[in-house]
Amino acid sequence: MPSPKEHLLKAIELDPGFADAWYQLALILLREGVRELAAEHLSKVLELDADHASARLRLATLQTELGQPGPARAQFEILLENDPRDSRAHYHLGLLALQLGNSHDALYHLEKTSSLNPDNADAHYRLGLLHDSPEDFEKARFYLQSTVDFDPTHVEGHFQLGLHLRRGRRYDESGNLVNGGFDIEAREWFETTICLDPSHAAAHEELARLFAKTGETGAAQDSFTSSIQNAPSRITAYLGLANLQAPDVAIQTCAEALNQDAAHPAVHLRKALFHLANKETSDARHHFEQAAENAIERIRA
C-alpha cells in the first residue's frame, strides 16, 4: 500500500500546481529531518500560493534554524504586512532580534506578542529577562510571574523569578539602589524549580546560598552537593560548599574543583587560604602563586 508521501508525490505529478500537496510533503520532510529539501518545497508552495500563511511561517522558522536570518526576517515581515496582528510572526521576529542582539526590536515584537496572545508564556519569560535594569524591577517581576501563571511547568520561568527576587536590584522610594529583601519568596521559587526539575544545578546552588544565609548549614551543604552532583563543572558550587566546611575538608573540595578547572584562580586562592588556616605555609604559597599566574593569564586572554 502506498505511503502518504508516495500519495503526495503522485498528486504533485498529476497536478504540479497543487500547493497544499507540496505543503504536506514539506511537513513530512521536516519530520524526517530533511530540512533543506523541506525549505525548497515550502518555497514552491509560496510560488503557487503567496497567501499560504502556514507555509510562510514554516519557511521563516526553518530559515532561522538554518542560519538564514535575513530571508527569515523578510518572510516574517510579509506575514505582518498581510496581518499586523499575527502574534506568531511578532513572536518569531522577537526571537530573531534576540538572536541578532537587537534588544530594542526584541522588546517591541515580544510586547506585541504578549498583548495579542497573553497565553504565550515564553514571550512573557523573555520580556522578563529583557527588563533587567533596577528601574524595571517590578516590570520584570510581572512578566516572570505571568510566565509561570500561564505555564506552571515553565522551569526556567520559576528559576529566573526566584533569581530576580533573590537579587532584588531596584530603586527605593528615595531613589537609592537597594538589593535583596525577598529571600522567602525566592526560596519558594527555587524549591518549585527543583520539584519540576530535580537536576537543576543552578536552583540547588541558589537554594544553598539562601540556606547558608539563614544559618541552615546542613541544608546548605546538601544543596551545594546536589548542585555539584548534577553539574560537576559548576565551580561556584564547590566554592560555596568549601566555605561551609572545616579547612581539611574544604581543601579536598577545592581539589575536586581543580580537577574540573585546574587553572581557576578563585579556587587556587581559596585553597591557599584554607592551607594557611591549617598553617601549611608551603602549600598556601604554591596556590597563591597559581592564583596570581592564572588570573594574569585570563586577563591577557
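Scroll up to find the structure this text is about.
Residues numbered from 1 in each chain as written. Predicted model: local features only at pLDDT ≥ 70, side-chain atom pairs only at ≥ 80, totals over all residues. Heavy atoms only, no water.

Caption draft 1: Looking closely at the overall build of the chain. Helix and strand counts for the chain stand at 17 helices and two strands. Along the three orthogonal principal directions, the C-alpha set of the chain runs to about 85 × 50 × 40 Å. Look at the contacts in the chain between residues 6 or more apart in sequence, and 43% of them connect residues 24 or more apart. Accessible surface for the chain amounts to roughly 15900 Å². Of this, 51% is attributable to carbon and sulfur atoms. (Helix = DSSP H or I, 4+ residues; strand = E, 2+ residues; numbered from the N terminus. Contact = heavy atoms within 4.5 Å. Areas by Shrake-Rupley, 256 points an atom, 1.4 Å probe, with all protein chains shown as cover.)

Caption draft 2: Representation of the nonpolar core in the model. If you look at the biggest cluster of nonpolar residues, it comprises 20 residues, and the most contacted ones within it are Tyr23, Leu42, Val45 and Ala55. At the level of elements, helix H1 (4-14), helix H2 (19-31), helix H3 (35-48) and helix H4 (53-65) are the ones that each hand at least two residues to this core. The dominant element in this core, judged by the number of residues it contributes, is H2, at nine residues. Here Ala55 is in contact with Tyr23, Leu42, Val45 and Leu46, once residues within four sequence places are set aside. The next biggest cluster of nonpolar side chains, apart from the first, holds 19 residues, and it includes Val148, Phe159, Phe182 and Trp189. (Core = buried A, V, L, I, M, F, W, Y, C linked by side-chain atoms within 4.5 Å. Buried < 20%, exposed > 50% of the residue type's maximum accessible area, 1.4 Å probe, protein only.)

Caption draft 3: Fine view of the packing of helix H15 (residues 247-260) against helix H16 (residues 265-277). At a closest axis distance of 9 Å, the pairing of H15 and H16 adopts a crossing angle of 155°. It follows from the interaxial angle that H15 and H16 lie roughly antiparallel. The two elements H15 and H16 cross, and the hand of that crossing is left-handed. Facing Pro247, Ala250, Ile251, Cys254, Ala255, Ala257 and Leu258 of H15, the residues of H16 in contact are Val267, His268, Arg270, Lys271, Phe274, His275 and Ala277. Among the residues making up the contact of H15 with H16, the classes are represented as ten nonpolar, two polar and two charged. (Axes fitted to C-alpha atoms, helices over the stretch in contact; angles between N-to-C directions. Parallel < 35°, antiparallel > 145°, perpendicular 65-115°, else oblique. Left-handed = near helix turned anticlockwise from the far one by under 90°. Nonpolar A, V, L, I, M, F, W, Y, C, P; charged D, E, K, R; others polar.)

Caption draft 4: Layout of the layout of surface pockets. Of the pockets and cavities examined, the largest pocket occupies roughly 240 Å³. Around the largest pocket, the lining comprises 13 residues; the ones closest to its centre are Gly128, His131, Asp132, His164 and Arg167. Those elements giving two or more residues to the lining of the largest pocket turn out to be helix H8 (121-130), helix H9 (137-150) and helix H10 (155-167). No other element matches H10, which puts four residues into the lining of the largest pocket. Partitioned by chemical class, the residues of the lining of the largest pocket number four nonpolar, six polar and three charged. (1 Å grid on protein atoms, 1.4 Å probe; cavity = no way out; pocket = protein on both sides within 12 Å on 5 of 7 lines; lining within 4 Å. Points joined across faces, edges and corners; volume = space filled by probe spheres on them.)

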